[in-house]
Amino acid sequence: MFEALGTSVGSRGALRDSVIMIYLDPILAAEPANQPRVQVGMGDDERITFGANVKAARKALSLTQAELAEKVGIKQGYLSRIEGGKADMTFEVMTRVAKALGSNVHNLLSR
């Protein structure tokens, strides 16, 4: 088997490189332009739902945006964009917002 790769068992580096290239060759041969694009992150609907639920939970707790923003450790303007469904957020920020509201990310993303 090792002879078929054109290397001997003694040269592990060459063997490894040959195996890697055999494995990667079809992947590298594909043109990036032909690869499907995969959306990463939340879409508009999820951002809007999350923001609306944050706003509703904040109001139910009688908190102002400034008060919630301070609890979360973000600026009030950023919280305003979150509530408006306009802000991109990391999962960490989403988790901190949910925790400050006594909720969890799953509940805030639910319709």
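Residues numbered from 1 in each chain as written. Predicted model: local features only at pLDDT ≥ 70, side-chain atom pairs only at ≥ 80, totals over all residues. Heavy atoms only, no water.

Some points on the pattern of salt bridges
Phase 1: Considering all chains together, one arrives at four salt bridges under this definition.
Phase 2: With a shortest N-O distance of 2.4 Å, Asp44 and Arg47 are connected by a salt bridge. With Asp44 and Arg47 both in helix 2 (residues 44-60) and three residues apart, the pair spans about one turn of that helix.
Phase 3: Owing to a relative accessible area of 12%, Arg47 belongs among the buried residues under this scheme.
Phase 4: One salt bridge in this structure joins Arg96 and Glu92, with 3.0 Å as the shortest N-O distance. Residue Arg96 and its partner Glu92 are both found in helix 5 (residues 91-100); the two are separated by four residues, about one turn of the helix.
Phase 5: Taking the relative accessible area as the measure of exposure, Arg96 reaches 29% and is therefore partly exposed. (Salt bridge = Lys/Arg side-chain N within 4 Å of Asp/Glu carboxyl O. Helix = DSSP H or I, 4+ residues; strand = E, 2+ residues; numbered from the N terminus. Buried < 20%, exposed > 50% of the residue type's maximum accessible area, 1.4 Å probe, protein only.)

No statement about biological role is implied by the geometric values presented.
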